[in-house]
Amino acid sequence: MVRTKSVSTALAALVWVPLGFSQIQNQPDDGQWVMAAKNYASTRYSTLNQINTQNVKNLKLDWTFSTGYTRGHEAAPLVVNNTMYIVTPYPNDLYALDLTKPGAPMKWVYQPHPNPSSQGVACCDVVNRGAAYYKGKIIYNLLDVETVAVDANSGKELWRTKLGDINLGESITMAPIVAKDVVLVGNSGGEFGVRGWLAGLDADNGKVKWRAYATGPDKDVLIGANFKPFYASDRGQDLGVKTWPRGGWEIGGATAWSWISYDPELDLFYYGTSNPGPWNPEQRPGDNKWGSTLFARRPETGEAIWAYQLNPHDLHDYDGVNENILLDLTINGQPRKVLAHPDRNGRMYIMDRSNGEVLSAETFVYVNTSFSVDLKTGELKLNPTKKTGFNTIRDACPAPPGGKDWQPSSFSPRTGLIYLPHNNLCYEMQGTQANYIAGTPFVGMNVRMYAGPGGNRGAFSAWDPVNAKTVWAINETFPVWTGTVVTAGDVVFYGTMDGWFKAVDAHNGTLLWRFKLGSGTIGQPITYKGPDGKQYVAILCGVGGWSGAVVAGGLNTVDGTAALGFANAMTDLGKYTTKGGMLYVFSLP
Amino acid sequence: MRNKIVFACFLLFFSLACQREKRDIRPSPTDLAIYDEAARESALRPGGPVSPQPVVNNPYNASGYDISEGQRLYNWYNCSGCHANGGGGIGPPLIKKDWVYGGAPANLFDTIAKGRPNGMPSWGGRIPEYQIWQIIAYVRSMNGGQPTSATSSRPDSIETNPQNIVNRTTGVTK
């Protein structure tokens, strides 16, 4: 009998699995958290449902862990094999905590000791966005342009690869992902005149298999015969050279400092590149390819398959680096394989991820720097009165951190909604001469930011990707700089810079629970199943990042141009929070 | 008596005005031996008091020309990229009272020339010595460390006015 039952269960599983996988958003979920974005589709959706809209109000603090550091904590903790792994901001320590014992005592700590001078080339606080687990290794990046792999059991360093040079202004802050045994890593330094790249490393030994630059000749960008951009404006030879003033591409930014998604079926990974450098656009006439661009590439070779430049000749530091959530949706009656990309320019791009066609690009915040996206040509129609350069422009929205910055959104297949943590900021600017000195900032703009319409500097909203509109929104005092997680219990978690960790109803945004953390949070919440079978929710606090540099870096907000102008919008943050890195873990009693 | 005071004020005014207009055609190097002594970062002197620490004065103090040159160079060498217009960002603010490595001119010279371990680049050999002193003159002016007669009353950046800053941070102008 027992045997028959197990066979029928197996059969049921066989029938269920193909159905389950028919949509990419229905990813397998074992209750662990093995990469920052939860899964390759970057949905940050957990099938755990013990904590739901009815009982989340009973959520209680279970245990805490101090990281000992006081700069911005942006990382997502990982949970693998009943162990939690936490990467700290610089100096990028890796802690392993034993979840099988009460209070989760430390198993080991790995301290890589990156070069302290790397702190001087981190544009927006010395953050780290987390690690990836792959075949017994914890793999993550160090601020001084290194990638390391650490044995997940012992904490022993397995390999360590130097990928760049801090004396060129390079650093790394992003969380890598691993696809087909290739570790995908990109550099930071778009404010330092670096040349942006994304590299593929062999997960076994850390050797660089390929490196795809984002500027320069096609052979460096890994553009070949299979490169088929959807729009004519992205076609042509060596555009990474021709769309720049002479030599500009060598110091043109376009780094890959943020999220990567992967579609195993199409065998394509997706990521965006940062702003071209310097910020002052008058110093770089041309489209500046491939700055502020979405790329689809093959993980084994790095070969580019398509690209779409979101913000040609970027005028406002609109990096194209934000997350790409991979979804299979029915749009205009047609089943489409799409990616959802909420861009810095304030528009939510829904694109066909097989070919790079834009299906919709509506605004999710107040936008006056552009009017629309022409879906036939892919062209972003710009507002000519907000053109920056060696001039002064006022009331341009969104500000350089965008309608939304790196803070990753989530998607629930149950509600069909994308949950967006974002900003509501406008700015005024004055162009100056940017002077290239290797290893120093290359910006050329004095900026002051302030709250957008309504006076709230941030919001948390739910977006319907099929109908391209906001369903509900919660205004927040400060930019919502945390990631989010949504669960099968229809609860969405996010945090605020004044230190509230919140749970809201995924259907309507009703606040269900909140807890005051010791410091403002800019971390990425996660949820996991503990060894006791219970569902837990975890988040790091520790205010900082670009938005929180005023507190983490002790800036003087008398100068509104501090922190590239973000200080002007955050003068009161110090009244709401102090710094300090701490992990908080919650569960139901 | 009254005439004497007026006359004294007159003299003082002219002497300040002269300093404000002072330009050093041929910058003279500082005595680095003295300067090293002056750049100590600790107030603790084990074993009790010793002879007073020598003071190195910025040769370009109080000169309007050099402060404004310092401001130009501060932007030119991208100091502003990290320290903004004094409020900081990648690097710490320069409008402040607490200096980790000392705020005296000799300490500032040390910081710029040698760098500091947590991200401050080492500019020695890149920026000529006299330009470092001009930059220091400007940085000191952000904190009201220069006479108002020598500092600009109009901001170059979109917001920052050194005189306003002084008023708003310390409540006094010097």
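K.L.:
Tell me about the sheet that holds strand E14 (residues 208-213) of chain A, and name the residues and values.
P.N.:
All names here are of chain A. One open sheet accounts for four strands, arranged E11-E12-E13-E14; its pairing is antiparallel. At either end of the open sheet lies a strand with only one pairing partner, and these are strand E11 (177-179) and E14. Direction aside, the axes of adjacent strands within the sheet are offset by 25° on average. By the bridge criterion, five bridges tie strand E13 (residues 197-202) to E14 in an arrangement that is antiparallel.

K.L.:
So what's going on with the interface of chain A and chain B? Which residues, and what values?
P.N.:
Taken together, the contact between chain A and chain B spans 29 residues of the former and 28 residues of the latter. Summed over both sides, the interface between chain A and chain B buries roughly 2,300 Å², with carbon and sulfur atoms accounting for 56% of that surface. The tally of links from chain A across to chain B stands at zero salt bridges. At the junction of chain A with chain B, the criterion picks out 13 residue pairs in polar contact (both at pLDDT 80 or more). It is strand E28 (residues 425-431) of chain A that contributes the most residues to the side of chain A that touches chain B, three residues altogether. Taken together, the residues that form the side of chain A that touches chain B break down as eleven nonpolar, 14 polar and four charged.

K.L.:
Describe the sheet that holds strand E6 (residues 106-110) of chain A, naming the residues involved and giving the relevant values.
P.N.:
Strands pair in a sheet through their backbones, by hydrogen bonds, and they do so in one of two ways: parallel or antiparallel. Residues and elements named next belong to chain A. Read from one edge of the open sheet, four strands run E3-E4-E5-E6, paired in antiparallel fashion. The open sheet has two edge strands with one neighbour each: strand E3 (78-80) and E6. Pairs of neighbouring strands in the sheet enclose a mean axial angle of 20°, with direction left out of account. Summarising the sheet, E3 and strand E4 (residues 83-87) pair through three bridges and their orientation is antiparallel. Bridged to valine 79 within E4 is methionine 84.

K.L.:
So what's going on with the confidence of the model for chain A? Which residues, and what values?
P.N.:
When the pLDDT values of chain A are averaged, the result is 95; 96% of them are 70 or greater. Across residues 1-21 of chain A, where pLDDT falls below 50, the model places four contacts with residues more than four positions away in sequence or in other chains.

K.L.:
Which residues make up the state of the cysteines, and what values do they have?
P.N.:
Residue and element names in this part refer to chain A. Tallied over the entire structure, the rule returns two disulfides over all chains. Covalent S-S linkage joins cysteine 123 and cysteine 124, the inter-sulfur distance amounting to 2.1 Å. Across the S-S bond of cysteine 123 and cysteine 124 the torsion is about -100°, and the bridge reads as left-handed. Cysteine 397 shares a disulfide with cysteine 426; S-S distance 2.1 Å.

Reading the values: the criteria
- Residues numbered from 1 in each chain as written.
- Chains lettered and ligands numbered in written order.
- Predicted model: local features only at pLDDT ≥ 70, side-chain atom pairs only at ≥ 80, totals over all residues.
- Heavy atoms only, no water.
- Pairing = 2+ DSSP bridges.
- Helix = DSSP H or I, 4+ residues; strand = E, 2+ residues; numbered from the N terminus.
- Axes fitted to C-alpha atoms, helices over the stretch in contact; angles between N-to-C directions.
- Contact = heavy atoms within 4.5 Å.
- Buried area = accessible area lost by both parts, 1.4 Å probe.
- Salt bridge = Lys/Arg side-chain N within 4 Å of Asp/Glu carboxyl O.
- Polar contact = N/O pair within 3.5 Å; in protein donor to acceptor, adjacent residues only side chain to side chain.
- Nonpolar A, V, L, I, M, F, W, Y, C, P; charged D, E, K, R; others polar.
- pLDDT = per-residue confidence, 0-100.
- Disulfide = S-S within 2.5 Å.

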